[in-house]
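Each chain, letter by letter, is given below.
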Amino acid sequence: MPNFNLSYEEIFSLVHRMCTEISADAYSLMKQAAQKEGKAEAKAMLQAMIDNVAQAGALDKPVCQSPGLPTVYVRFGDNAELGNLSQWIPQAVVECTKKGYIRPSIVHPLTRHNSGDSSGAGIPNFEYQYRPGQEYMEVIMSAKGCGAELANLSRILTPATLGENYVGLKKLVLETVVKGGGFPCPPSAIGIGIGGQMDISAKLSREAISTRDWRDSHPDPMIAALEQELLANINSLGVGPAGIGGDTTCLAVKIAYAATHTAICPVTINFHCWVARRFGVRFYPNGEREYLFREAM
């Protein structure tokens, strides 16, 4: 049974760091993109973004004015103890808001009433995932920016519109990127959920881009090849950082899929801006912890 012994102070520290940093994988890809970028204006824009991360850390300020919407993924096996996560993470989000690390932007969906402290129904969103036989417990929190949501798209393809060699899917992704332009704050990362029904494809798209390392490779070689093909094709469009043109439009494409009905192929395309605010912790039965997304930057 995992020895869950995080204190509230440690939870608050992790949420605080999430506000003032970006995850190490995104930071590494941003630096690589700046080095390779061939357009001077785009290179300068990428470097300004990287400098912004350094200044946020040095000054203890939010790395972006947009607070995003927090989702917490809790993945556990048999006999796991979940501790006080469901109380402490929302409490830490509220405290970080009151201390100025998070802009209060959470509102009622219809009345638009703002609580003023980043609290509200379903905030944070908790996704509990039981994984039989998993020995460790894993907690990942992601505050995904909502400006990028404006470019997202869900569509139900059919076998005919999916097309041979998935040409319909590929076309849909590229058209969505072009239409989005600079709205998703490129360089973005894109999560693509495929299969299930519409609600499942949407959840898969968010989970893929929020919980995977943006530098990893999908274990299914066919999916891994599709991710790389889409990434190369997106970057050939020339949208560029902040939509000003350039070689760097997308940092990563991550796909997650589920089986679906023979008549349909639901697809959700989910943009994530370059500001990847995430933390993760794995708790092992012997009491050890492994912190995710937090290697030296």
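Residues numbered from 1 in each chain as written. Predicted model: local features only at pLDDT ≥ 70, side-chain atom pairs only at ≥ 80, totals over all residues. Heavy atoms only, no water.

1. Here's the deal with the overall build of the chain
- Looking only at helices and strands, the chain features eight helices and nine strands.
- In terms of C-alpha radius of gyration, the chain reaches 19 Å, essentially the compact-globule figure of 19 Å for 297 residues.
- With 297 residues in all, the chain has 51% of them scored as buried.
- Here the contacts in the chain between residues at least 6 apart in sequence split such that 80% fall between residues at least 24 apart.
- When the accessible surface of the chain is totalled, it reaches about 13600 Å², and 55% of it is carbon and sulfur.
- Computing the positive centroid from 27 side-chain charges and the negative centroid from 29, the chain places the two 6 Å apart. (Helix = DSSP H or I, 4+ residues; strand = E, 2+ residues; numbered from the N terminus. Rg over C-alpha atoms; globule rule 2.2 N^0.38 Å. Buried < 20%, exposed > 50% of the residue type's maximum accessible area, 1.4 Å probe, protein only. Contact = heavy atoms within 4.5 Å. Areas by Shrake-Rupley, 256 points an atom, 1.4 Å probe, with all protein chains shown as cover. Lys, Arg positive; Asp, Glu negative; His and termini not counted. Charge placed at Lys NZ, Arg CZ, Asp CG, Glu CD.)

2. Regarding the sheet that holds strand 9 (residues 289-292)
- The strand order across the open sheet formed by five strands is 2-1-3-8-9, and the pairing between neighbours is mixed. Edge strands, defined here as strands with exactly one partner in the open sheet, are strand 2 (125-130) and strand 9. On average, each strand axis in the sheet is tilted by 15° relative to the strand beside it, whichever way the strands run.
- In this structure, strand 1 (residues 69-76) lies alongside strand 2, joined through six bridges in parallel fashion. What sits directly across from Thr71, in strand 2, is Asn125.
- The strands that helix 1 (residues 8-20) touches are strand 3 (137-144), strand 8 (278-283) and strand 9; relative to strand 8, the one it contacts most, it runs at about 145°. (Pairing = 2+ DSSP bridges. Axes fitted to C-alpha atoms, helices over the stretch in contact; angles between N-to-C directions.)

3. Considering the pattern of salt bridges
- In the structure shown here, the tally under the stated rule is 17 salt bridges.
- For the salt bridge of Lys99 with Glu95, the shortest nitrogen-to-oxygen distance reads 3.9 Å.
- Close ionic contact of Lys170 with Glu229 constitutes a salt bridge, the shortest N to O distance being 3.0 Å. One end of the pair, Lys170, is in helix 6 (residues 167-180); the other, Glu229, is in helix 8 (residues 221-235), and 59 residues separate them in sequence.
- Accessibility expressed as a relative area gives 10% for Lys170, which makes it buried.
- Looking at Glu229, the relative accessible area reads 33%, which means it is partly exposed.
- Where salt bridges share partners, they join Arg75, Glu138, Glu207, Arg282 and Glu290 into one cluster. (Salt bridge = Lys/Arg side-chain N within 4 Å of Asp/Glu carboxyl O.)

4. Remarks on helix 1
- The end-to-end C-alpha distance of helix 1, which contains 13 residues, comes to 19 Å, matching closely the 18 Å that a straight helix rising 1.5 Å per residue would cover.
- Those residues of helix 1 that sit buried are Tyr8, Ile11, Phe12, Leu14, Val15, His16, Met18, Cys19 and Thr20. (Expected span 1.5 Å × (residues − 1).)

5. What about the nonpolar core?
- Among the nonpolar cores identified, the biggest contains 26 residues, and Ile11, Val15, Val72, Val74, Ile89, Met141 and Phe279 are the most heavily contacted of them.
- Of all the secondary structure elements, the ones that give two or more residues to this core are helix 1, strand 1, helix 4 (85-98), strand 3 and strand 8.
- Residue contributions to this core peak at seven residues, all from helix 1.
- Apart from the residues lying within four places of it in its own chain, the contact partners of Val15 are Ala92, Val93, Cys96, Met141 and Phe279.
- One finds Ile223, Leu231, Ile234 and Ile255 within the second-largest nonpolar core, a separate group that totals 24 residues. (Core = buried A, V, L, I, M, F, W, Y, C linked by side-chain atoms within 4.5 Å.)

6. Observations concerning the sheet that holds strand 7 (residues 265-272)
- Read across the sheet, four strands follow the order 4-7-5-6 without closing on themselves; strand pairing throughout is mixed. Each edge of the sheet is formed by a strand with only one pairing partner; in this case those strands are strand 4 (153-157) and strand 6 (250-260). Taking each pair of neighbouring strands and ignoring which way they run, the sheet shows an average axis angle of 15°.
- Against the sheet, helix 6 contacts strand 4, strand 5 (188-196) and strand 7, and its axis sits at roughly 30° relative to strand 7.
- Against the sheet, helix 8 contacts strand 5 and strand 6, and its axis sits at roughly 140° relative to strand 6.

7. Observations concerning the environment of Leu6
- Tracing the backbone through its elements, the reader meets Leu6 in the segment before helix 1.
- Its relative accessible area of 5% is what places Leu6 among the buried residues.
- Through-space distance from the C-alpha of Leu6 to that of Leu85 is 9.1 Å; in sequence the pair is 79 residues apart.

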